[in-house]
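Understanding the architecture of this molecule
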Amino acid sequence: MSEATTPITVLMSVYNGEKFLQAAIDSILAQTFSDFEFLIIDDGSTDNSVSIIQTYQDHRIRLVLNDVNKGLTPTLNIGLGLAKGRYIARMDADDIAHPSRLQRQYEYLQSHPKTVLVGTNSDIINLDGKVTGHWSFPQKDEELRVWLLFRSVFVHSAAMFKKEVILPDGYDTSFATAQDYGLWVNLAKKGKIANLPQTLLQYRKHGNAISTRSLHNQLDVTRTLQMRQLADWGIVPNEQEQELQLILGLTMSGFWVNAQVIQDAYRWLEQLIIHNEKMGTFSREVFEGVARNVWLGLFNRKQSILTPRSGWPFLFHPFASGLYAKWMILLHSTKGIFQPFIKQKNQ
């Protein structure tokens with residue numbers, strides 16, 4: 001483990017990233033906070049990535065070459081071992097950092113010594129760099145911890161964390177995907193966590209569909225991390241409850257959700273609320289707020305199977321309090337009701 005000789009190490013792993021690499025590097029070199037090292041590890045690229053990096057003469061760039069392609073998780077662990085910074089700022093080779101990103105995150109960690117991880121909100125951009133969406137995350141420690149029971153609430157390439165608290169563990173090498181979720185869960189055990197309210201990263205979302213193998217791997221990792229956290233909290237879910245926890249934590253829409261799943265998920269969340277009351281781990285208001293949000297998220301699935309008859313009874317559930325919640329349930333319970341008329345009109 002190297003001694004900290006600079007405030008920040010920006011850690012980037014590159015594998016065949018020539019298309020967007022220059023924009024990513026330029027965004028880091030243009031930071032208002034300039035006292036950092038930029039550790040770039042090329043993971044066996046076969047394109048022009050290395051040549052692009054070597055065109056830069058900036059003394060802050062330190063290029064390391066893997067002899068073979070090792071994969072993201074092992075490469076990031078190599079970087080953690082080589083990093084000279086007190087803080088690690090992750091960066092991906094196809095994203096773009098806001099000029100004040102490092103400055104704002106560094107100042108936050110310096111002024112909040114008990115915080116070990118800080119992220120930011122992010123815009124989503126497409127291959128052409130056009131903003132197509134936005135990710136806004138909870139900011140406070142307690143709420144983030146509740147969300148971590150269900151899913152990751154940090155953008156990997158927008159995170160900055162203390163190197164000393166993650167070494168020698170580093171990233172879990174058993175996770176080929178979703179390794180960042182595992183890191184957040186680990187870091188949350190060692191100190192406070194936070195997100196800044198500013199949007200300080202443009203996250204490039206590729207149009208390539210996730211392969212079946214990769215999807216199954218992500219689901220397995222997500223389930224493993226959910227179950228670890230629940231076990232630490234004194235809960236051992238049965239098979240159906242594990243499935244409900246997984247469904248509640250998913251942000252993708254490729255899973256069928258019907259009225260029975262929504263009802264079962266509500267009952268499972270009730271059990272978690274009762275357990276929290278018994279343990280006193282989280283405030284009631286925060287825990288129930290997160291539970292309500294993950295439950296209402298089920299209505300927003302593109303592949304939900306709901307009709308007015310099956311969907312409208314949920315308007316009277318306790319989690320459906322508030323005009324926004326009722327409107328969302330109504331909207332998604334009736335979203336297919338006019339489809340036959342639309343088809344007929346277009347014929």
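Please refer to the structure higher up on the page.
Model, not experiment: these values are computed from the prediction.

Our focus in this paragraph is the packing of aromatic side chains. By convention here, two paired aromatic rings are described through the distance between centres and the angle between planes. Counted under the stated rule, the structure contains 13 aromatic pairs. Considering the side-chain rings of Trp-295 and Phe-299, the 5.2 Å spacing of their centres and the 75° angle between planes classify their relative orientation as edge-to-face. Residue Trp-295 is classed as buried on the basis of its relative accessible area, which comes to 0%. In textbook terms, an aromatic cluster arises when at least three aromatic residues are bridged by ring pairs, as seen for Tyr-266, Trp-295, Phe-299, Phe-314 and Phe-319.

Turning our attention to the packing of helix 9 (residues 239–249) against helix 10 (residues 259–279). The N-to-C vectors of helix 9 and helix 10 enclose an angle of 100°; their axes lie 10 Å apart at closest approach. In terms of orientation, helix 9 and helix 10 fall into the roughly perpendicular class. Judged by residue contacts, Gln-240, Glu-241, Leu-244, Gln-245, Ile-247 and Leu-248 of helix 9 engage Val-261, Asp-264, Ala-265, Trp-268, Leu-269, Gln-271 and Leu-272 from helix 10. A breakdown of the residues in the contact of helix 9 with helix 10 according to their chemical character gives eight nonpolar, three polar and two charged.

What follows covers the side chain of Ser-122. Topologically, Ser-122 is positioned in strand 6 (residues 115–125). Setting aside residues no more than four positions away along its own chain, Ser-122 makes contact with His-134, Trp-135, Val-155, Ala-158, Thr-199 and Leu-201.

Turning next to the packing of helix 10 against helix 11 (residues 284–296). At a minimum axis separation of 10 Å, helix 10 and helix 11 run at an interaxial angle of 165°. By the criterion of interaxial angle, the relationship of helix 10 to helix 11 is roughly antiparallel. The handedness of the crossing between helix 10 and helix 11 comes out as right-handed. Contacts between helix 10 and helix 11 involve Ile-262, Ala-265, Tyr-266, Leu-269, Leu-272, Ile-273, Asn-276 and Glu-277 on the former and, on the latter, Arg-284, Phe-287, Glu-288, Ala-291, Val-294 and Trp-295. Taken together, the residues that form the contact of helix 10 with helix 11 break down as ten nonpolar, one polar and three charged.

A grouping of Trp-312, Trp-327, Leu-330 and Leu-331 is seen on the molecular surface, where their side chains present a nonpolar patch of about 400 Å² in accessible area. Tracing the chain through its elements places Leu-330 in helix 13 (residues 323–333). The class for Leu-330 is partly exposed, based on a relative accessible area of 31%.

Moving on: the nonpolar core. In terms of nonpolar packing, the biggest core is built from 101 residues, with Ile-8, Phe-38, Phe-161 and Trp-295 touching the most fellow members. The leading source of residues in this core is helix 10, at nine residues.

So, about the environment of Leu-29. Residue placement: Leu-29 occurs in helix 1 (residues 21–29). A C-alpha to C-alpha distance of 9.0 Å links Leu-29 and Ile-61, two positions 32 residues apart in sequence. Ignoring sequence-local partners within four residues, the contact set of Leu-29 consists of Phe-36, Phe-38, Tyr-56, Asp-58, Arg-60 and Ile-61.

Calculation criteria
Residues numbered from 1 in each chain as written. Predicted model: local features only at pLDDT ≥ 70, side-chain atom pairs only at ≥ 80, totals over all residues. Heavy atoms only, no water. Phe/Tyr/Trp six-rings, centres within 6.5 Å; stacked < 30°, edge-to-face > 60°. Buried < 20%, exposed > 50% of the residue type's maximum accessible area, 1.4 Å probe, protein only. Axes fitted to C-alpha atoms, helices over the stretch in contact; angles between N-to-C directions. Helix = DSSP H or I, 4+ residues; strand = E, 2+ residues; numbered from the N terminus. Parallel < 35°, antiparallel > 145°, perpendicular 65-115°, else oblique. Contact = heavy atoms within 4.5 Å. Nonpolar A, V, L, I, M, F, W, Y, C, P; charged D, E, K, R; others polar. Left-handed = near helix turned anticlockwise from the far one by under 90°. Patch = residues over 30% accessible without salt bridge, like charges linked within 9 Å, V, L, I, M, F, W, Y side chains within 5 Å. Areas by Shrake-Rupley, 256 points an atom, 1.4 Å probe, with all protein chains shown as cover. Salt bridge = Lys/Arg side-chain N within 4 Å of Asp/Glu carboxyl O. Core = buried A, V, L, I, M, F, W, Y, C linked by side-chain atoms within 4.5 Å.

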